[in-house]
Amino acid sequence: MIACDIAIIGGGIIGCAIARELSRYSPQTLVVEAANDIACGTTKANGGLIHSGYDPAPGTMKSKVNARGNKLYSAWSKELGFEFIRTGSMVLAFTQSDCAHLQTLLENGQANGVDGLEIIGPERIHELEPQASPNAIQALYCPHTGIVDPFDVAIAAAENAAANGVEFLLNAPVRSIEQQNDSFILHTPKGDISAKWLINAAGCYADTISHMAGGEHFAIDWRQGNLLVLDKNVTAKSIMPIYPVPTPTTKGVVVMGTVHGNILIGSTAIMREKGDLSCYAADIEELMAGATKLVPSLDVRSSIRQFAGGRAVITDTNDFFIGQSKLQHRLFQAAGIQSPGVASAPAIAEYMVECLRNAGVPLPQNPHFNPIRHAPEDFDIASTEHQDELIQGDPAWGRIVCRCETVPEAEIVAAIHRTPGATSVEGVKRRCRAGMGRCQSGFCQSRVVDILSRELGIAPAKVLLENPGSEIVLGPVKGDD
Ligand SMILES: Cc1cc2nc3c(=O)[nH]c(=O)nc-3n(C[C@H](O)[C@H](O)[C@H](O)COP(=O)(O)OP(=O)(O)OC[C@H]3O[C@@H](n4cnc5c(N)ncnc54)[C@H](O)[C@@H]3O)c2cc1C
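This is a predicted model, so every value here is computed, not measured. (Residues numbered from 1 in each chain as written. Predicted model: local features only at pLDDT ≥ 70, side-chain atom pairs only at ≥ 80, totals over all residues. Heavy atoms only, no water.)

1. Let's talk about the layout of surface pockets
Step number 1: Approximately 690 Å³ is the volume found for the second largest pocket.
Step number 2: Elements that contribute at least two residues to the lining of the second largest pocket include exactly helix H5 (150-163), helix H10 (409-417) and helix H11 (425-432).
Step number 3: Residue composition of the lining of the second largest pocket, by class: eleven nonpolar, three polar and 16 charged. (1 Å grid on protein atoms, 1.4 Å probe; cavity = no way out; pocket = protein on both sides within 12 Å on 5 of 7 lines; lining within 4 Å. Points joined across faces, edges and corners; volume = space filled by probe spheres on them. Helix = DSSP H or I, 4+ residues; strand = E, 2+ residues; numbered from the N terminus. Nonpolar A, V, L, I, M, F, W, Y, C, P; charged D, E, K, R; others polar.)

See below:
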């Protein structure tokens, strides 16, 4: 039996952010994750937009944590060494009724504490973003919106949490939960875990965890979204995120740059069966039409990847559910974390710690807490002098495995040996971008399999693309025993 004070169920951006925030204190904290890696759920399939907080209705939990989360991103990116660009953003209006909506968003934003919002006309729109549609008659400009690589944020938070003493148990889906005296017993295929307090950060499955732990009986729906990634050289290097006027359930199809220099178009929002990660022709058409309306010059056919994710929507509400359970006082919920969960993650973590403290959970300071996590070397963006130094130190820095994104062997090896490290081809891709470029791993996948096999000490046929059962190699072809 593994014993801990606080178990966090779910190693997505929310579980990892909470783990990082809790590592400032000394309880024994364990993150229990069903998958073989962190950031494998909705965290790996979203737009990475750090919305500023003018969209949520004032007074909601979303409004409270979105605006605060956006502010915290500056400090988080500095401390945790991930890229965060405050790009600013515009919501374009094409009709008079759109213009009225901009006014509502402006007032929402002001009520939510978002400063610097401005309604601007066509001249200023094109000054800020020359690629924006000439048909826009007004826009809501927000200087605070930003972009991140969402799995980079989760990985950085998890690495910092681990360095400060948090443990991670992977491949451990919680199958049932018993309540014994003053503890929970979590049953997983990796063994039983005893925890005095439980934090439910299980994303789209937070409803099941809540029921198992004796908490609230809500249900979570899967509001699915498709996204499109465009090739890096498709248009100008970067583009300010451009939104349409939102609907009550979605911010609509947004065109944005990514921190890696691609253009991303996302996202559709349709209720589908839980777990559905398919891309649909109708969604892709909606994305292309929506993007072209905002940025007519965009070559939407230059897509190199389509992917999908599911937003965790608590049935009949549109808000987050964060706090102590009213039915089981040792259970804390971070449920219904649909959009803007990425933008809100640092503030959700901060608020969760406040809830634990208010509930009397002992949180003595961790005297060894170090807020700094150093990002791994990124060969692609290093100066030529630094690239030379790296290669002089280890020739593996000169063996380029992924040509599209210029990822050398040494960077992949480092990704595998970090804590928590990559154990699959997709885990490598999320950490150092091998396979993320134009060829989508057509050239480098077999070499990544080889490196994973060597570094993990397993046969190539055991190397996984992602989940159990996703082996890539069937067996030896030639020159192998
Ligand atoms: C299409 C789309 C676009 C989006 N765009 C944005 C955006 O631009 N900006 C923004 O702020 N937000 C965006 N979001 C929302 C954002 O992605 C989510 O709010 C966020 O990723 C939720 O993180 P999470 O950690 O709660 O969930 P997840 O990442 O899903 O993590 C939950 C984890 O719990 C684990 N788990 C589940 N059940 C169990 C169990 N029984 N035992 C152990 N582990 C378990 C899962 O394996 C998973 O790893 C978007 C979402 C979608 C779908």
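2. Regarding the packing of aromatic side chains
Step number 1: Scanning the entire structure with this criterion turns up four aromatic pairs.
Step number 2: Consider the rings of Tyr73 and Phe84, whose centres lie 5.5 Å apart with planes at 40°: the pair is tilted. Within this pair, whereas Tyr73 is found in helix H2 (residues 61-80), its partner Phe84 is found in strand E4 (residues 84-85), the two being separated by eleven residues in sequence.
Step number 3: Note on Phe84: relative accessible area 14%, which makes it buried.
Step number 4: Here the aromatic rings of Phe218 and Phe321 are separated by 5.8 Å at their centres, their planes lie at 80°, and the arrangement is edge-to-face. (Phe/Tyr/Trp six-rings, centres within 6.5 Å; stacked < 30°, edge-to-face > 60°. Buried < 20%, exposed > 50% of the residue type's maximum accessible area, 1.4 Å probe, protein only.)

3. Topic: the sheet that holds strand E8 (residues 146-148)
Step number 1: Taken together, the three strands give an open sheet; going across it, the order is E3-E8-E4, and neighbouring strands pair in antiparallel fashion. Across the chains shown, the open sheet's two edge strands, defined by having one partner strand only, are strand E3 (49-50) and E4.
Step number 2: Note: E3 against E8, two bridges, orientation antiparallel. Each bridged residue has a counterpart across the sheet, and for Ile50 the counterpart in E8 is Gly146. (Pairing = 2+ DSSP bridges.)

4. Considerations on the side chain of His51
Step number 1: With respect to the helices and strands, the residue His51 is situated in the loop between E3 and H2.
Step number 2: Apart from the residues within four sequence positions on either side, His51 is in contact with Asn66, Asn70, Thr145, Tyr243, Lys251, Ser339, Pro340 and Ala343. (Contact = heavy atoms within 4.5 Å.)

5. Digging into the site of the ligand
Step number 1: Contacts to the ligand come from 39 residues, most closely from Glu33, Thr43, Ile337, Gln338 and Ala343.
Step number 2: Within the side chain of Glu33, a nitrogen or oxygen atom sits 2.6 Å from an oxygen atom of the ligand.
Step number 3: A distance of 2.8 Å separates an oxygen atom of the ligand from a polar backbone atom of Ala343.
Step number 4: When the ligand is considered free in solution it has 1000 Å² of accessible area, and contact with the protein chains removes 94% of it.
Step number 5: Those elements giving two or more residues to the shell around the ligand turn out to be helix H1 (13-22), strand E13 (220-230), strand E18 (303-314) and helix H8 (341-358).
Step number 6: Broken down by class, the residue content of the shell around the ligand amounts to 19 nonpolar, 18 polar and two charged.
Step number 7: When residues are assigned to domains, the shell around the ligand turns out to be shared by domain 1 (1-83 + 148-219 + 315-375) and domain 2 (84-147 + 221-310), each giving three or more. (Near = heavy atom within 4 Å. Polar contact = N/O pair within 3.5 Å; in protein donor to acceptor, adjacent residues only side chain to side chain. Areas by Shrake-Rupley, 256 points an atom, 1.4 Å probe, with all protein chains shown as cover. Domains from an automatic or database assignment.)

6. Some points on the UniProt feature "domain: BFD-like [2Fe-2S]-binding" (unreviewed entry) in the protein
Step number 1: As recorded in UniProt, the sites labelled "domain: BFD-like [2Fe-2S]-binding" (unreviewed entry) are residues 400-453.
Step number 2: What you have in residues 400-453 is 48% helix and 9% strand, and the ends, taken at the C-alpha atoms, are 18 Å apart. (UniProt positions renumbered as here; feature names shortened; annotations may be inferred.)

7. Re the pairing of strand E12 (residues 191-200)
Step number 1: Of all the ten residues making up E12, seven are buried; the element is thus mostly covered by neighbouring parts of the structure.
Step number 2: Across five bridges, the pairing between strand E11 (residues 183-188) and E12 is antiparallel. The partner of Phe184 across the bridge, within E12, is Ala195.
Step number 3: Remark: two residues form the turn of the hairpin made by E11 and E12, two consecutive strands paired antiparallel.
Step number 4: Here E12 pairs with strand E20 (residues 331-335) via three bridges, running parallel. The partner of Leu198 across the bridge, within E20, is Leu331.

8. What to know about the environment of Gly109
Step number 1: In this structure, Gly109 sits in helix H3 (residues 96-111).
Step number 2: Taking the C-alpha atoms as reference points, Gly109 and Gly53, 56 residues apart in sequence, are found 6.2 Å from one another.

9. Some words on the side chain of Arg431
Step number 1: As for its placement among the helices and strands, Arg431 is situated in helix H11.
Step number 2: Looking at Arg431, its side chain comes within polar contact range of the main-chain oxygen of Gly427, at 3.1 Å.
Step number 3: Here Arg431 is in contact with Asp37, Ile38, Ile155, Ala415, Pro420, Gly421 and Ala422, once residues within four sequence places are set aside.

10. Some points on the domain arrangement of the protein
Step number 1: Under the domain assignment used here, the protein contains domain 1 (1-83 + 148-219 + 315-375), domain 2 (84-147 + 221-310) and domain 3 (379-462).
Step number 2: Centre-to-centre, using C-alpha coordinates, domain 1 lies 28 Å away from domain 2.
Step number 3: If you look at the interface, domain 1 gives 36 residues, while domain 2 gives 39 residues.
Step number 4: In this assembly, domain 1 packs against domain 2 so that about 2800 Å² is buried in total across both faces, 52% of it on carbon and sulfur atoms.
Step number 5: Scanning the region where domain 1 abuts domain 2 turns up one salt bridge.
Step number 6: A salt bridge links Asp207 to Lys274, with the nearest nitrogen and oxygen atoms 3.0 Å apart.
Step number 7: The interface formed by domain 1 and domain 2 includes 19 residue pairs in polar contact (both at pLDDT 80 or more). (Buried area = accessible area lost by both parts, 1.4 Å probe. Salt bridge = Lys/Arg side-chain N within 4 Å of Asp/Glu carboxyl O.)

11. A short note on the pattern of salt bridges
Step number 1: Evaluated as defined, the whole model comprises 21 salt bridges.
Step number 2: Between Arg20 and Glu79 there is a salt bridge whose closest N-O contact spans 2.8 Å. Linking Arg20 in helix H1 with Glu79 in helix H2, this pair joins segments that are 59 residues apart in sequence.
Step number 3: With a shortest N-O distance of 2.9 Å, Glu21 and Arg24 are connected by a salt bridge.
Step number 4: The class for Arg24 is partly exposed, based on a relative accessible area of 23%.
Step number 5: Via salt bridges that share partners, Asp37, Lys44, Arg430, Arg431 and Glu466 belong to a single interconnected network.

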